[in-house]
Amino acid sequence: QQQVKQSPQSLIVQKGGISIINCAYENTAFDYFPWYQQFPGKGPALLIAIRPDVSEKKEGRFTISFNKSAKQFSLHIMDSQPGDSATYFCAASIGNDYKLSFGAGTTVTVRA
Amino acid sequence: DAGVIQSPRHEVTEMGQEVTLRCKPISGHDYLFWYRQTMMRGLELLIYFNNNVPIDDSGMPEDRFSAKMPNASFSTLKIQPSEPRDSAVYFCASSDRKSSYEQYFGPGTRLTVT
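Residues numbered from 1 in each chain as written. Chains lettered and ligands numbered in written order. Predicted model: local features only at pLDDT ≥ 70, side-chain atom pairs only at ≥ 80, totals over all residues. Heavy atoms only, no water.

Caption draft 1: Geometry of the nonpolar core. Judged by nonpolar contacts, the single largest core of 24 residues is most densely connected at F33, W35, F73, L75 and Y88 of chain A. Those elements that place two or more of their residues in this core are β2 (10-14), β3 (19-25), β4 (33-38), β5 (45-50), β7 (62-67), β8 (72-77), β9 (86-94) and β11 (106-111) of chain A. When residues of this core are assigned to their parent elements, the largest contribution, 4 residues, is made by β9 of chain A. In contact with L75 of chain A, other than residues within four places in its own chain, are S19, I20, I21, W35, L47, I48, F62, T63, I64 and Y88 of chain A. Residues C23, W34, F65 and Y90 of chain B belong to the second largest nonpolar core, which totals 21 residues. (Core = buried A, V, L, I, M, F, W, Y, C linked by side-chain atoms within 4.5 Å. Buried < 20%, exposed > 50% of the residue type's maximum accessible area, 1.4 Å probe, protein only. Helix = DSSP H or I, 4+ residues; strand = E, 2+ residues; numbered from the N terminus. Contact = heavy atoms within 4.5 Å.)

Caption draft 2: Fine view of the pairing of strand β4 (residues 31-38) of chain B. Residues and elements named next belong to chain B. In terms of residue burial, β4 counts as a mostly covered element, since 7 of its 8 residues are buried. Where β4 meets strand β5 (residues 42-50), 8 bridges bridge the pair, whose relative direction is antiparallel. Among the inter-strand pairings, R36 is bridged to a residue of β5, identified as E44. Taking the residues between adjacent antiparallel strands as the criterion, β4 and β5 are bridged by 3 residues. With 7 bridges connecting them, β4 and strand β9 (residues 88-95) associate as antiparallel partners. Bridge assignment links Q37 to a residue of β9, and that residue is V89. (Pairing = 2+ DSSP bridges.)

Caption draft 3: Structural context of the sheet that holds strand β6 (residues 56-59) of chain A. All names here are of chain A. In space, the 5 strands of this open sheet follow the order β1-β3-β8-β7-β6, with antiparallel pairing throughout. Only two strands of the sheet have a single neighbouring strand rather than two, namely β1 (4-7) and β6. When strand polarity is set aside, the average angle formed by the axes of neighbouring strands in this sheet is 15°. Relative to β7, β6 runs antiparallel, the two being bridged by 4 bridges. Across the sheet, E59 pairs through a bridge with F62, a residue of β7. (Axes fitted to C-alpha atoms, helices over the stretch in contact; angles between N-to-C directions.)

This is the structure in structure tokens:
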């Protein structure tokens, strides 16, 4: 079974709007939470990542919010642009174990 | 750097045939990963290597799948015999653990088994 549950499966947002993707996990040993972005026909690429010692990390229009007690983390895409249309995967791993457990993915479509 | 290189980009084969997928990781990276992506199961880690040594192959679906890394610049994933349910996109990724946890993915090989 998937160790990281991701929702929604897909979302449509208007240009300039906010896209929000949520992920939840059970394994409290996870200590690294990256988000990967994948365009059609391409491999996933790291977008942004966070560790549980911070509650929020921002890089440009992308922000990760992390709630350790709830075992949840989310990706916010501010001022969404058509070029942000892609599939986004959350993931998690444990310190010395290099294996990434991926969520099921969210397909984001930004309408101009 | 050219990034992770995979070949072929597309492969169509008949059930029962042997399929070999190839990967060249980024120079200097000491970790190499093989993933499979399908609509039903998402992104699954099949196996990963550290310094050419297989570390964890628990994701390999069955004995029909095998992977090798004869040197630091080349890895193969072989399926023998192939079955229609093996149809998927197979990704290779590499990483330099000393500098970051980021995994760099190749463009993938789309495999269709008829």
